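Breakdown of the fold
What follows is each chain in one-letter form.
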Amino acid sequence: MTYGDKWMAVLFNDEKKKWNLDGPDGNIIYWHDLRKEPRSFFSRQSGGGSVMVWAAFSFSGQVRLAFLDGRQNSPKYIETLENHFMPFAENLGGRNWEYQQDDAPIHISNATKNYLNSKNVTVLKRPPMSLDLNPIENVWSIMSRKVYENGRQFYSMNALNTGIESVWYNLEPEILQTLIMTMEKRVYNVILRNGKTLNY
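Here the residue index of a chain counts from 1 through its sequence in written order. Given that this is a predicted model, residues contribute local features only at a pLDDT of at least 70 and side-chain atom pairs are listed and counted only at 80 or more, while totals for whole chains, interfaces and linings are drawn from all residues. The side-chain figures draw on all heavy atoms in the structure; neither hydrogens nor water molecules are used.

1. Notes on the overall build of the chain
When helices and strands are counted, the chain shows 8 helices and 5 strands. The numbering of helices and of strands both runs from the N terminus, where a helix is a DSSP run of H or I of at least 4 residues and a strand a run of E of at least 2. In the chain, the succession of helices and strands from N to C terminus is α-β-β-β-β-α-β-α-α-α-α-α-α. The cut-offs for exposure are 20% and 50% of the maximum accessible area for each residue type, with area from a 1.4 Å probe on protein chains only; residues under the lower value are buried, those over the upper are exposed, and the others partly exposed. Scored against the burial criterion, the 200 residues of the chain give a buried share of 44%. Here, two residues are considered to be in contact whenever any of their heavy atoms come within 4.5 Å of each other. Expressed as a percentage of contacts within the chain between residues at least 6 apart in sequence, the contacts between residues at least 24 apart total 75%. Total accessible area on the chain stands at roughly 11,800 Å², and carbon and sulfur atoms take up 51% of it. Residue-level accessible areas treat just the shown protein chains as cover; the underlying method is Shrake-Rupley with a 1.4 Å probe.

2. Let's talk about the nonpolar core
When a protein is soluble and globular, its nonpolar side chains tend to lie buried together. Trp 19, Val 139, Met 143, Leu 160 and Ile 164 are the most contacted members of the largest nonpolar core, which has 29 residues in total. Secondary-structure elements contributing two or more residues to this core are strand S1 (10-20), strand S2 (50-58), helix H5 (136-147), helix H6 (157-169) and helix H7 (173-180). Here the element with the most residues in this core is H5; it accounts for 6 residues. Working definition of a nonpolar core: buried Ala, Val, Leu, Ile, Met, Phe, Trp, Tyr and Cys residues. They are joined through side-chain atoms within 4.5 Å. Within the second largest apolar cluster, 21 residues are counted, among which are Val 63, Leu 81, Ile 106 and Leu 116.

3. Section: the pairing of S1
When you tally the buried positions in S1, you get 8 out of 11 residues, the bulk of the element. The pairing of S1 with strand S5 (residues 98-100) spans 3 bridges and is parallel. The partner of Val 10 across the bridge, within S5, is Glu 98. What makes two strands pair is DSSP finding at least two bridges between them. Where S1 and S2 come together, 7 bridges link them in antiparallel fashion. Paired with Asn 20 across the strands is Ser 50, a residue of S2.

4. Regarding H7
Listed as buried for H7 are Leu 176, Leu 179 and Ile 180. Each buried residue of H7 sits inside an arc of 100 degrees when the element is viewed along its axis, so together they form one side. By arc we mean the arc of the directions from the helix axis to the C-beta atoms, nothing more.

5. Details of the pairing of S2
Most of S2 is tucked away, with 8 of its 9 residues classed as buried. Here S2 runs beside strand S4 (residues 66-68); their pairing, made up of 3 bridges, is antiparallel. Opposite Met 52, over in S4, you have Leu 68 as the bridge partner. Pairing of S2 with strand S3 (residues 61-62), which is carried by 2 bridges, proceeds in the antiparallel orientation. Looking across to S3, one finds that Ser 58 is bridged to Gly 61. In textbook terms, the turn of a hairpin is the stretch between consecutive antiparallel strands, and for S2 and S3 this stretch comprises 2 residues.

6. Details of the pattern of salt bridges
The term salt bridge refers to a side-chain nitrogen of Lys or Arg lying within 4 Å of a carboxyl oxygen of Asp or Glu. With the rule as written, the count across this model stands at 1 salt bridge. Two residues, Lys 119 and Glu 82, come together in a salt bridge whose shortest N-O distance is 3.6 Å. Here Lys 119, found in the loop between helix H4 (110-118) and H5, pairs with Glu 82, found in helix H2 (residues 74-92); they are 37 residues apart in sequence, far enough to count as distant.

7. Considerations on the packing of H5 against H6
For the pair H5 and H6, the least separation of the axes is 10 Å and the interaxial angle reads 125 degrees. The orientation of H5 relative to H6 falls into the category oblique. In this structure, the crossing between H5 and H6 has a hand that is right-handed. Where H5 abuts H6, its residues Val 139, Met 143, Lys 146 and Val 147 lie against Leu 160, Gly 163, Ile 164, Val 167 and Trp 168. The classification used treats Ala, Val, Leu, Ile, Met, Phe, Trp, Tyr, Cys and Pro as nonpolar, Asp, Glu, Lys and Arg as charged, and all other residues, Gly among them, as polar. The class makeup of the residues in the contact of H5 with H6 is 7 nonpolar, 1 polar and 1 charged. In this description, a line fitted to the C-alpha atoms serves as the axis of each element, helices being fitted only across the stretch in contact, and the angle between N-to-C directions of two axes falls anywhere from 0 to 180 degrees. Every angle not falling under 35 degrees, over 145, or within 65 to 115 is termed oblique; those three ranges are roughly parallel, roughly antiparallel and roughly perpendicular. Each helix crossing is assigned a hand: it is left-handed if the near helix lies turned anticlockwise from the far helix by less than a right angle, otherwise right-handed if that turn is clockwise.

In short, shape yes, function no, at least from these values alone.
If you want it as structure tokens, here you go:
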């Protein structure tokens with residue numbers, strides 16, 4: 001396996017902490033055809049409500065989304081891994097894949113480490129605060145544009161959840177695979193820039 005091929009065997013994951021009913025962080029921006037009436041939008045306090053989502057993907061596909069309730073801690077994160085990550089990982093077959101997560105406290109707690117060790121999961125080491133080295137950050141941006149396309153807003157949490165799920169499960173595999181294939185270049189550029197932010 002070459003260094004480039006290595007990334008095809010990594011599962012990338014993250015939590016997106018805020019999907020608002022009223023749009024990304026309550027901001028409404030859209031192109032307005034001057035020949036038509038402007039669209040009207042409503043804005044509620046704190047974006048009208050929000051949801052947190054956990055997701056993971058690899059070159060081979062995506063996990064089932066997890067909608068997270070309340071403040072997250074190690075037991076809740078372990079529950080997410082057990083119910084969403086492990087079934088997906090077990091279907092990959094073999095033990096040549098690695099798991100990438102950031103250094104959030106619930107990810108690196110002793111309880112989480114013990115759980116992952118008990119499942120023989122190899123966690124890929126990466127520098128702290130290195131968002132550029134997780135292509136799922138790009139996925140969140142792509143999804144956000146699609147979920148809130150044309151200034152779309154949602155009137156209920158169920159509708160928002162359905163919108164997020166629809167976009168996630170309809171992402172073209174080529175998008176995810178292309179992002180993963182940029183990893184070798186990302187690592188190289190992070191080293192060149194001494195850890196400074198990249199344009200990904």
